[in-house]
Amino acid sequence: MIDNLRHQGLRKRMIDYLSVKRGIDSDSVLKAMMNVPRHLFLESSFLEFAYEDKAFPIGSQQTISSVYTVAFQTQLLNLAPGEKVLEIGTGSGYQTAVLTQCNVEVYSIERHHNLYKTAKTLLSMLNYRANLFHGDGHLGLSRLAPFDKILVTCGAVEVPPLLLEQLRLGGEMVIPIGFKNQIMTLFSKDLDGNIKKKEYHNFQFVPMLRDKE
Ligand code: SAH
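Just so you know, these numbers come straight off a predicted model, no measurement behind them.

A. Examining the pattern of salt bridges more closely. Inspection of the entire model under this criterion finds eight salt bridges. Residues Lys12 and Asp16 are paired through a salt bridge, measuring 2.8 Å at the closest nitrogen-oxygen approach. Pair noted here: Lys12 and Asp16 are both in helix H1 (residues 5-21), with a separation of four residues, about one helical turn. Owing to a relative accessible area of 33%, Asp16 belongs among the partly exposed residues under this scheme.

Below is the structure:
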C-alpha cells in the first residue's frame, strides 16, 4: 500500500485539473480528494491512469466513477461537518473514502457481495471509518434513518421513494437519473417535507439494479 511522492504529484495535478479546468471550487472537496490515494482503489495494472479523468473497471462488471464525477457529486452534496450521509453503490470504496475526508458520518450500501467485501477490507486497512452494508440500495437503511444527505453513485431510472423518505427535513439527495445517460439531479426536502428538484448536466453511470448479489 504505497503512496509515494510520485503519486502525490499526480494527485496534485488531478486537483489542479479539477479546479482550473472543471470548475470544482469547493476547498473541502479538493482537500478531501487530495487526501485519498485513488490509485489504491484500482487494480495495479491501472496505476498509471489512476489520476486521469476516466472511469475504470473494478470487477463484477462495475466501474469506479471518474474523478470529475466524484468531485461534482461531492460538491453538490454541500456537506457540513458531522452530517450523516448515506451512499448507494460503494463499488471500489473510493467515493466512500472521499466522503470520510469531508468529516461526515458515512453509511454506504453495495449490492455485489464481492465488491462489498473488498471495499470493507480496503477501507479498514487504510483507516477510513465508514459503515458498510451489503444490500439493495433501493431500500436505504430505514433503521438508521433519517440522513442529512444521500448520494447515489449508480444510474437510477427514477428516484427510489424509500430514499426520499429517509431524507431528513431540510436534507438533500444527489442522484443521477436516466437510462443510457443520466441527468445529475438534486432533490431538496424543505422543512415542511416538500420536495424540490434541480437538474444539472449529463453523466454516465452503471445502472442501479434491483436486489443484492
Ligand atoms: N462510488 C463507487 C461507484 C461504483 S459504480 C466508486 O467510487 O467506486 C456503482 C456501484 O453501484 C456498483 O458497484 C454497483 O454494484 C452498485 N449498485 C448498483 N445498484 C445498486 C443497488 N441497488 N444497491 C446498492 N448498490 C448498487
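B. How the structure looks around the nonpolar core. Counting residues in hydrophobic clusters, the biggest one holds 49 residues, and the most contacted among them are Met14, Leu18, Ile24, Met33, Phe41, Tyr94 and Leu99. With seven residues, helix H3 (residues 67-77) is the single largest residue contributor to this core. With sequence-adjacent residues up to four places away left out, Met14 is seen in contact with Met33, Tyr51, Val67 and Tyr94. Core analysis: the second largest hydrophobic core is formed by 20 residues, Leu141, Phe147, Leu167 and Met208 among them.

C. Expanded view of unusual backbone geometry. The step from Ala145 to Pro146 runs through a cis peptide bond, and the omega angle for that step is 5 degrees. The residue Asn103 is not glycine, and still its phi comes out positive at about 60 degrees. Of note in the backbone geometry, Asn127 takes a positive phi value of approximately 65 degrees without being a glycine. Along the chain, Asn127 falls in the loop between helix H5 (113-125) and strand E5 (131-134).

D. Summary view of the site of the ligand. Neighbouring residues of the ligand: 26 residues in total, closest Ser92, Glu110, Asp136, Gly137 and Leu209. At 3.2 Å, a side-chain N or O of Glu87 approaches a nitrogen atom of the ligand. Gly89 is positioned with one of its backbone polar atoms (N or O) 3.1 Å from a nitrogen atom of the ligand. Protein burial of the ligand: of its 580 Å² of free accessible surface, 99% is covered by the chains. Of all elements in the fold, only strand E2 (62-64), strand E3 (84-88) and strand E4 (105-110) reach the threshold of two or more residues within the shell around the ligand.

E. Examining H3 more closely. Summarising burial for H3: ten of the eleven residues are buried, a large majority. Buried residues of H3: Val67, Tyr68, Thr69, Val70, Ala71, Phe72, Gln73, Thr74, Leu76 and Leu77, and no others. Where H3 terminates, the next one or two residues include Asn78, which has phi positive at roughly 50 degrees.

F. The side chain of Arg11, seen in detail. For Arg11, the position within the fold is in helix H1. Here Asp3 takes part through its side chain, which lies 2.8 Å from a polar atom of the side chain of Arg11. Excluding its chain neighbours within four sequence positions, the residues that come into contact with Arg11 are Asp3, Met33, Met34, Asn35, Val36, Pro37, His39 and Tyr51.

What counts, and at which threshold
- Residues numbered from 1 in each chain as written.
- Predicted model: local features only at pLDDT ≥ 70, side-chain atom pairs only at ≥ 80, totals over all residues.
- Heavy atoms only, no water.
- Salt bridge = Lys/Arg side-chain N within 4 Å of Asp/Glu carboxyl O.
- Helix = DSSP H or I, 4+ residues; strand = E, 2+ residues; numbered from the N terminus.
- Buried < 20%, exposed > 50% of the residue type's maximum accessible area, 1.4 Å probe, protein only.
- Core = buried A, V, L, I, M, F, W, Y, C linked by side-chain atoms within 4.5 Å.
- Contact = heavy atoms within 4.5 Å.
- Near = heavy atom within 4 Å.
- Polar contact = N/O pair within 3.5 Å; in protein donor to acceptor, adjacent residues only side chain to side chain.
- Areas by Shrake-Rupley, 256 points an atom, 1.4 Å probe, with all protein chains shown as cover.

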